[in-house]
Amino acid sequence: MVLRVDSLSHRYPNGTTALADVSLTVRAGERVAVVGPNGAGKSTLARHLIGIARPTSGTVTVDGRDAAGLEIAELARSVGFVFQNPDDQLHAATVAKEVGFGPRNLGFPADRRTALTQWALQVTGLTGEANSHPRHLSFGERKRVAFASVLAMDTPIIVLDEPTTGQDHRSVVLLEELVTDLHERGKTILAITHDTDFCAESFDRVVVLSEGRVRWDGPVERWLEGD
Ligand code: ADP
Ligand code: ADP
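Residues numbered from 1 in each chain as written. Chains lettered and ligands numbered in written order. Predicted model: local features only at pLDDT ≥ 70, side-chain atom pairs only at ≥ 80, totals over all residues. Heavy atoms only, no water.

- Looking at an unreviewed UniProt entry, one finds the protein named ABC transporter ATP-binding protein and attributed to Streptomyces mirabilis.
- Under Sequence similarities (unreviewed entry), UniProt gives the following word-for-word description of the protein: "Belongs to the ABC transporter superfamily." (UniProt positions renumbered as here; feature names shortened; annotations may be inferred.)

Spelled out as structure tokens, the structure:
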């Protein structure tokens, strides 16, 4: 049980209840898509998984450790998070520096840093852009830079917020292959998405959230059949 969400509720200071009694367990190596309409609570749930939100009640544990009780930097060794908007996480002057920042910050030795950075650039289709300024890239490319930055940190758990938004068809295929590759490497992947084809292609399990509650949770095949 890598991720365990137990009776999680989240009420914002203005009184909005974004999550109401959500329970969810994710096992190591699972590929879980979280779907649901706007306002369902998906992003709020993701914020709890990376320890940047505090439960109103309930708990979130990552590898048996309470996410709310961990330093964010400590949790970041276990859970990599790719923001919906890449501009929330890109800071460096070149793509290679951006992708190299995480493994450097984690104190990885130089050879591991280099190998991870080059692998991350390659699997996101960005090797040719290593020396570009992220600002000069398209939105879809900047999202892939954000993804590559997280990959380079080599976390066992990867959480993605709407990874296919703004990607052309070729890049979506690349992302599908990448999720499969990460799965084969034993990573646990949880993606917030509204992209049914992406769910069908790359995920095993679908969790449907609406109005802050889990409405459905099961195998992707049954979800596609409209169960
Ligand atoms: P989703 O990602 O599924 O669109 P969110 O987690 O962003 O859902 O939002 C869930 C609910 O919480 C929505 O009603 C939204 O308007 C509300 N909400 C989100 N962020 C805040 C905030 N900072 N303050 C108040 N309400 C918020
Ligand atoms: P350093 O080379 O000192 O580690 P940099 O910030 O220059 O620091 O690079 C960060 C990472 O990106 C390093 O692991 C480096 O090997 C890798 N890197 C730099 N330039 C490229 C490039 N053009 N293509 C692929 N990887 C690169």
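1. A closer look at the sheet that holds strand E8 (residues 188–192)
Next, step 1: Spatial strand order, E6-E7-E8-E3-E9-E10: six strands in an open sheet with mixed pairing. Across the chains shown, the open sheet's two edge strands, defined by having one partner strand only, are strand E6 (79–82) and strand E10 (213–219). Each neighbouring strand pair of the sheet contributes to a mean axis angle of 15°, computed without reference to strand direction.
Next, step 2: This element, helix H1 (residues 42–49), spans strand E3 (31–35), E6, strand E7 (157–161), E8 and strand E9 (205–210) of the sheet and lies at about 150° to E8.
Next, step 3: On top of the sheet, helix H5 (residues 139–151) reaches E6 and E7; it is set at about 175° to E6, its chief contact. (Pairing = 2+ DSSP bridges. Helix = DSSP H or I, 4+ residues; strand = E, 2+ residues; numbered from the N terminus. Axes fitted to C-alpha atoms, helices over the stretch in contact; angles between N-to-C directions. Contact = heavy atoms within 4.5 Å.)

2. Considering the packing of aromatic side chains
Next, step 1: The tally for this structure, following the rule as stated, stands at two aromatic pairs.
Next, step 2: Judged by centre distance (4.8 Å) and plane angle (65°), the rings of Phe-81 and Phe-83 are edge-to-face.
Next, step 3: On the basis of relative accessibility, which here comes to 11%, the residue Phe-81 falls in the buried class.
Next, step 4: Relative to Phe-203, the ring of Phe-198 has its centre 5.1 Å away and its plane inclined at 70°; by these criteria the two rings are edge-to-face. No difference in accessibility class separates Phe-198 from Phe-203, as the two residues are buried.
Next, step 5: Stacked on the ring of Phe-108, the Lys or Arg Arg-112 has its end atom at 3.9 Å from the ring centre. (Phe/Tyr/Trp six-rings, centres within 6.5 Å; stacked < 30°, edge-to-face > 60°. Buried < 20%, exposed > 50% of the residue type's maximum accessible area, 1.4 Å probe, protein only. Lys NZ or Arg CZ within 6 Å of the ring centre and 35° of its normal.)

3. Let's talk about the site of ligand 2
Next, step 1: Taken together, Ala-96, Lys-97, Gly-100, Arg-104, Arg-113, Thr-114, Thr-117, Gln-118, Leu-121, Ala-130 and Asn-131 make up all the residues around ligand 2.
Next, step 2: In the model, an oxygen atom of ligand 2 is placed 2.9 Å from a nitrogen or oxygen of the Arg-104 side chain.
Next, step 3: In the model, an oxygen atom of ligand 2 is placed 3.2 Å from a nitrogen or oxygen of the Arg-113 side chain.
Next, step 4: Coverage of ligand 2 by the protein chains reaches 63% of its 530 Å² of free accessible surface.
Next, step 5: Elements supplying a minimum of two residues to the shell around ligand 2: helix H3 (95–105) and helix H4 (110–123). (Near = heavy atom within 4 Å. Polar contact = N/O pair within 3.5 Å; in protein donor to acceptor, adjacent residues only side chain to side chain. Areas by Shrake-Rupley, 256 points an atom, 1.4 Å probe, with all protein chains shown as cover.)

4. Remarks on the nonpolar core
Note on soluble globular proteins: their nonpolar side chains tend to be buried together.
Next, step 1: In this structure, Val-99, Phe-147, Leu-151 and Leu-182 are the most contacted members of the largest nonpolar core, which totals 39 residues.
Next, step 2: The dominant element in this core, judged by the number of residues it contributes, is H5, at six residues.
Next, step 3: Excluding its chain neighbours within four sequence positions, the residues that come into contact with Val-99 are Thr-117, Ala-120, Leu-121, Val-145, Ala-148, Ser-149 and Ala-152.
Next, step 4: By size, the runner-up hydrophobic cluster in this structure holds 28 residues, among which are Leu-8, Leu-24, Ala-46 and Ile-157. (Core = buried A, V, L, I, M, F, W, Y, C linked by side-chain atoms within 4.5 Å.)

5. Topic: H3
Next, step 1: Along H3, the positions that sit buried rather than exposed are Val-95, Glu-98, Val-99, Gly-100, Gly-102 and Pro-103.
Next, step 2: In this structure, the buried residues of H3 make contact with H4 and H5.
Next, step 3: Immediately beyond the C-terminal end of H3, within one or two residues, lies Gly-107, with a positive phi of roughly 80°.

6. Some remarks on helix H6 (residues 169–184)
Next, step 1: Look at H6: 23 Å from first C-alpha to last across 16 residues, which is about the 22 Å you get at 1.5 Å a residue.
Next, step 2: For H6, every residue scored as buried is listed here: Ser-171, Val-172, Leu-175, Glu-176, Leu-178, Val-179 and Leu-182. Taken around the axis of H6, the buried residues stretch over an arc of 160°, which confines them to a single face. What points out from H6, more than 90 degrees from its buried face, is the exposed set His-169, Arg-170, Glu-177 and Glu-184.
Next, step 3: Packed against the buried residues of H6 are E3, H4, H5, E7, E8 and helix H7 (196–202).
Next, step 4: Backbone geometry just after H6 places Gly-186 at a positive phi near 90°. (Expected span 1.5 Å × (residues − 1). Arc of directions from axis to C-beta.)

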